[in-house]
Number of protein chains: 2
Amino acid sequence: MRDELAQFMQDWLPALETEMQTVLSSGEEAVHGHYAMMQYHMGWLDQDFAPAALPAGKRLRPILCLLACAEVGGETGRALPAAAAIEILHNFSLVHDDIEDGDETRRHRATVWKLWGVPLAVNSGDGMFALAFAAMQRLAGRGVPAPALLAALDVFTRTCVALTEGQYLDMRFEQRSQVSVDEYLRMIAGKTAALVGGSVAVGAYAGGGSPAQAQALQRFGQELGLAFQIQDDILGIWGDPQVTGKAAGSDVLRKKKSLPLLHARNHPQTGAALGALLDGEMDAARLPQALALLTQAEAQAYAADAANTHFAQAMNALEAALGSQAAASRLAAVAEWLLARQA
Amino acid sequence: MRDELAQFMQDWLPALETEMQTVLSSGEEAVHGHYAMMQYHMGWLDQDFAPAALPAGKRLRPILCLLACAEVGGETGRALPAAAAIEILHNFSLVHDDIEDGDETRRHRATVWKLWGVPLAVNSGDGMFALAFAAMQRLAGRGVPAPALLAALDVFTRTCVALTEGQYLDMRFEQRSQVSVDEYLRMIAGKTAALVGGSVAVGAYAGGGSPAQAQALQRFGQELGLAFQIQDDILGIWGDPQVTGKAAGSDVLRKKKSLPLLHARNHPQTGAALGALLDGEMDAARLPQALALLTQAEAQAYAADAANTHFAQAMNALEAALGSQAAASRLAAVAEWLLARQA
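Below, the structure is looked at part by part. (Residues numbered from 1 in each chain as written. Chains lettered and ligands numbered in written order. Predicted model: local features only at pLDDT ≥ 70, side-chain atom pairs only at ≥ 80, totals over all residues. Heavy atoms only, no water.)

Section: the overall build of chain A
Keep this limit in mind: Secondary structure elements follow DSSP: runs of H or I of four or more residues count as helices, runs of E of two or more count as strands, with numbering from the N terminus. Our radius of gyration is a C-alpha quantity, and the globule rule it is checked against amounts to 2.2 Å times the number of residues to the power 0.38. For every residue, the accessible area obtained with a 1.4 Å probe (protein chains only) is divided by the maximum for its type, and the residue is called buried under 20%, exposed over 50%, and partly exposed between those limits. Residue contacts are defined here by distance: any two heavy atoms, one from each residue, within 4.5 Å place the two residues in contact. The protein chains shown are the only cover counted for residues, whose accessible areas, like all others here, come from Shrake-Rupley with a 1.4 Å probe. All tallies of charge rest on Lys and Arg as positive and Asp and Glu as negative; His and the ends of each chain are not included. Charged groups are reduced to one reference atom each: NZ for lysine, CZ for arginine, CG for aspartic acid, CD for glutamic acid.
On a plain count of helices and strands, chain A comes out with 16 helices and two strands. By the compact-globule yardstick of 20 Å for 343 residues, chain A fits well, its C-alpha radius of gyration being 21 Å. For the C-alpha atoms alone, the extent of chain A along its principal axes is close to 60 × 50 × 35 Å. Relative to its full complement of 343 residues, chain A shows a buried share of 58%. Sequence-distant contacts, at least 24 apart, represent 71% of the contacts inside chain A between residues at least 6 apart. A total of about 13300 Å² of accessible surface is found on chain A, and carbon and sulfur atoms cover 51% of it. One way to put it: in chain A the 26 positive side-chain charges average out to a point 2 Å from where the 37 negative ones average out.

Some thoughts on the packing of helix H8 (residues 181–206) of chain A against helix H9 (residues 211–238) of chain A
Residues and elements named next belong to chain A. Formally: To get an axis, fit a line to the C-alpha atoms, keeping to the stretch in contact for a helix; angles then go from 0 to 180 degrees between the N-to-C directions. In what follows, roughly perpendicular refers to angles from 65 to 115 degrees, roughly parallel to angles under 35, roughly antiparallel to angles over 145, and oblique to any angle outside these ranges. Two helices that cross are described as forming a left-handed crossing if the nearer one is turned anticlockwise from the farther one by less than a right angle, and a right-handed crossing if clockwise. Under this grouping Gly is polar, as are all residues other than the nonpolar Ala, Val, Leu, Ile, Met, Phe, Trp, Tyr, Cys and Pro and the charged Asp, Glu, Lys and Arg.
The contact between H8 and H9 brings their axes to 7 Å, and the two run at 140 degrees. Regarding the angle of H8 to H9, the classification is oblique. In the packing of H8 onto H9, the handedness of the crossing is right-handed. Among the residues making up the contact of H8 with H9, the classes are represented as 17 nonpolar, nine polar and one charged.

Structural notes on the side chain of A:Gln231
All names here are of chain A. In this structure, glutamine 231 sits in helix H9. Take glutamine 231: its relative accessible area is 11%, and that puts it in the buried class. In contact with glutamine 231, not counting residues within four places along its chain, are Leu338, Leu339 and Arg341.

Some words on the interface of chain B and chain A
Formally: Throughout, the accessible surface (probe 1.4 Å) given up by two parts as they are put together, summed over both, is called the buried area. A pairing counts as a salt bridge when a side-chain nitrogen of Lys or Arg comes within 4 Å of a carboxyl oxygen of Asp or Glu.
Residue-level contacts link 39 residues of chain B with 39 residues of chain A. Summing both partners gives a buried area of about 3600 Å² for chain B against chain A, and 68% of it is carried by carbon and sulfur. Inspection of the region where chain B meets chain A yields two salt bridges. The salt bridge partner of B:Glu28 is A:Arg186, with a shortest N-O separation of 2.5 Å. The set of elements that each furnish at least two residues to the side of chain B that touches chain A consists of helix H2 (32–42), helix H4 (80–101), helix H6 (118–137) and helix H7 (146–174) of chain B. The element that contributes the greatest number of residues to the side of chain B that touches chain A is H7(B), accounting for 15 residues. Residues belonging to the side of chain B that touches chain A are distributed by class as follows: 23 nonpolar, nine polar and seven charged.

Dropping the structure here:
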């Protein structure tokens, strides 16, 4: 199955890239720079706007979109515009997140705002946002009928709204000392999980899936997204530095409000002590003390339980969508692969 | 006819406001602040998020949208979601423009970024952008059939893309000493005219207009938008300060690259002298010299000619859309009123 997935990606990633390049471009010389900033962010141009093949994202969401199309019985290529739209939307959100978080690098390259300033970067991100919808419109040219296209656009639009709600909560929580576990789960439901859910739902509509199938697949993606983020949270603290490329306890050092930390911070036995630690400077010397409190709160087991619960709910939703084929489907295989990853 | 238009606005503006309020809200307490920033910008809340009825925009574009729906024979209320979408889109662009231009006030109130910071303001604008598409989706609930809705969404999406292109050019031109008249017209085609064109086109589709009618109305709006912006440019220099509320020669004082100024700046007889003047400090003492150069280049007449030409082209397009009813239509009346305004 691992080979089958690798083959699927090898078959479809180049076409996806071509589809995105078609949407994120203009033949008009006057606005070349507007599109070139987007193309830089996507890894197709370097900072002098010369062609390049630079580190890009994993294209995970569009792969899920294409697989959803195929698994409901559609011709995979029909979902290419939706897959492109999902990945463009994801990258729009990264361009604006980098501005909002003040991040100067992404994928070892300077961010768009760092190179061209906040005003042009905000507007370039807006262009990508608009072009994500333009990408969706191209489903009509692939023979997707009007009702399915409208349903896909509706899901896509709701996904966009959910993304901005999640980002709002994330920024708000950064400014607060105390955040509950439920608040955190609500935040990642918008910021991370909604887009995974949207990816498979629009793929399902493009592939001719029924509304019931698309909705079940959306739940699958939503739950998978939560499990994925929580797994990410675990790796951010207990991941093997040699595999993740990050320092041991990385997320604790930067006081990231991830699920394990919030669990211990809200735990009756460790909350006060961890709160006091986090109020001060956090460095390698204090890290063992913080990690000991996380262990006392059984934070890793708590988070692993939560990830497993959401993964199980994802698999239930997948079965609701695909019936007896669910367990042997490529969507199940991707889900298992995502949860088993160590980086 | 003036009374008829006033009556139309009185009949429909409250319903438009209600439609926008429905879209720009959420029943979820956790994300209240995200929506409250949008509602502040719209003039419905004050900066403490208490209900208010503060100075809002003129709602010009949604009125054009509703009129287009009515003039192609549709029931006006069917276009309300599209009119709301257009006005929300316009306001999204204002929230981001204020960030990009560093403007601290709008309509005599602090801008969103000034009150809540750039990160939350960028994201709040993104929320409005997404919700503008959500507003469009509500056309389905008003009985607009799928093909018309898809056509309207296509125009709406292209309009969004054009807006970002226009804003890109505007920012780029601010950084340049020399801009040609053609470059300027290309910029306002994206930044101002595209949205006016989009407004009437989506209204026409909502009202059951044919694609040919909608396209002709889009040209009408596009040309009207150009005429409107050029008229604005004229008033920005030669408007009566007692009517406009701005200083005489206001746009020259702030060296705004508007059509009259660019005409004189590119004119063989006045270009060099005006360029030299604009390279230095511009104040009330130097204003008469600059205005004399504009007079020498016949800049006001040039701009008035351009406005009249675009207005005539708008009227031609209106006739293509509405036939013999064009001249007596409310769209023609609004267009005449817009061009005759003195502030």
